[in-house]
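Here are the chains, one letter per residue:
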Amino acid sequence: MMVQSKFVDRVVASGVNEKFEIRSKASIILETGSYCEIKEIENKSTLKIILKPRSKAKIVSIGCSSVKEFYIGRDASIEIKDINSSSKIKCILSGGGAECKINSIFLSSGMINQDYQIFHNAPHTKCDITVKGVLTGNGKAISLGLIHISKSAEGSSGYQKAE
């Protein structure tokens, strides 16, 4: 299923390999065991995804200014590739074994703003944030990261690296 509308109110994905292209605003619920790929290219978007148990999502954002919010259930995972994007990403790892991986790469002579927030609210969750960038001319970058591991999230791990 390819969604190419200006506004997607709500999509329930239950397939094995669903694909979406986001133009403006979307809310997606990934049913148990489903997989989807989401692509954003040069737009301003708001994206909210709920990943039910054992579901997986892969998101690629290129040249976007976007706000993303993810609720990740038991043994579900999300992989985000942010390329030359200014993003605000919030991941809530709410089920045991949930995982979030963010890779950000930028080459810019302008302004890059990134804000990554990961909340571990269940045991044995994992997150990995890697940011690599090159600035040229008058380029500026602000990259903020927060990894919060709650008391109930024993055995969880968080990793953050910026170069």
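All values derive from a computational prediction rather than experimental measurement. Residue numbers restart at each chain and count upward from 1, following the sequence in its written direction. Residue-level local features of this predicted model are given only where pLDDT is at least 70; pairs of side-chain atoms are given and counted only at 80 or more, and the full residue set underlies all totals for whole chains, interfaces and linings. Values reported for side chains reflect all heavy atoms of the structure, with hydrogen atoms and water molecules removed beforehand.

K.L.:
Would you mind going over the environment of Gln-117 in detail, with residue names and values included?
P.N.:
Secondary structure is summarised from DSSP: a helix means a run of H or I of at least four residues, a strand means a run of E of at least two, and numbering begins at the N terminus for each. Along the chain, Gln-117 turns up in strand β11 (residues 111–120). Spatially, the C-alpha atom of Gln-117 lies 9.5 Å from that of Glu-69, the residues being 48 residues apart in sequence. Any pair of residues with heavy atoms lying within 4.5 Å of one another is described as a contacting pair. The contact partners of Gln-117, leaving out residues within four places of it in the chain, are Lys-88, Ile-89, Lys-90, Cys-91 and Leu-146. Two N or O atoms count as a polar contact when they lie within 3.5 Å, although within protein this holds only if one can serve as hydrogen donor and the other as acceptor, and sequence-adjacent residues are included solely when both atoms are side-chain atoms. At 3.4 Å, the side chain of Gln-117 forms a polar contact with the side chain of Asp-115.

K.L.:
Outline unusual backbone geometry, supporting the account with residue identities and numerical values.
P.N.:
Non-glycine residue Arg-54 carries a positive phi angle of around 60°. Structurally, Arg-54 is set in the loop between β5 (44–51) and β6 (56–62). Only protein chains enter the accessibility calculation, which uses a 1.4 Å probe; a residue is then buried when its area is under 20% of its type maximum, exposed when over 50%, and partly exposed in between. A residue is classified by how much of its surface remains accessible, and Arg-54, at 45% relative accessible area, is partly exposed.

K.L.:
Which residues make up the pattern of salt bridges, and what values do they have?
P.N.:
Take a side-chain nitrogen of Lys or Arg and a carboxyl oxygen of Asp or Glu: if they are within 4 Å of each other, that pair is a salt bridge. Counted under the stated rule, the structure contains 6 salt bridges. Residue Glu-163 is joined to Lys-161 by a salt bridge in which the shortest nitrogen-to-oxygen separation is 3.0 Å. Take Lys-161: its relative accessible area is 35%, and that puts it in the partly exposed class. Salt bridges linked by common partners bring Lys-132, Lys-161 and Glu-163 together as one network.

K.L.:
Run through the nonpolar core, naming residues and quoting values.
P.N.:
Among the nonpolar cores identified, the biggest contains 28 residues, and Ile-49, Phe-70, Ile-72, Ile-78 and Cys-100 are the most heavily contacted of them. For Ile-49, the residues in contact, after removing those within four places along its chain, are Ile-28, Leu-30, Ile-38, Ile-59, Glu-69, Phe-70 and Tyr-71. The definition of a nonpolar core used throughout is a set of buried Ala, Val, Leu, Ile, Met, Phe, Trp, Tyr and Cys residues joined through side-chain atoms within 4.5 Å.

K.L.:
With reference to specific residues and values, describe the confidence of the model for the protein.
P.N.:
Residues with a pLDDT of 70 or more make up 85% of the protein, whose mean pLDDT is 86. pLDDT measures the predictor's confidence residue by residue and takes values from 0 up to 100. Throughout residues 1–9 the model reports pLDDT below 50, and contacts reaching past four residues in sequence, or to other chains, amount to 23 contacts.

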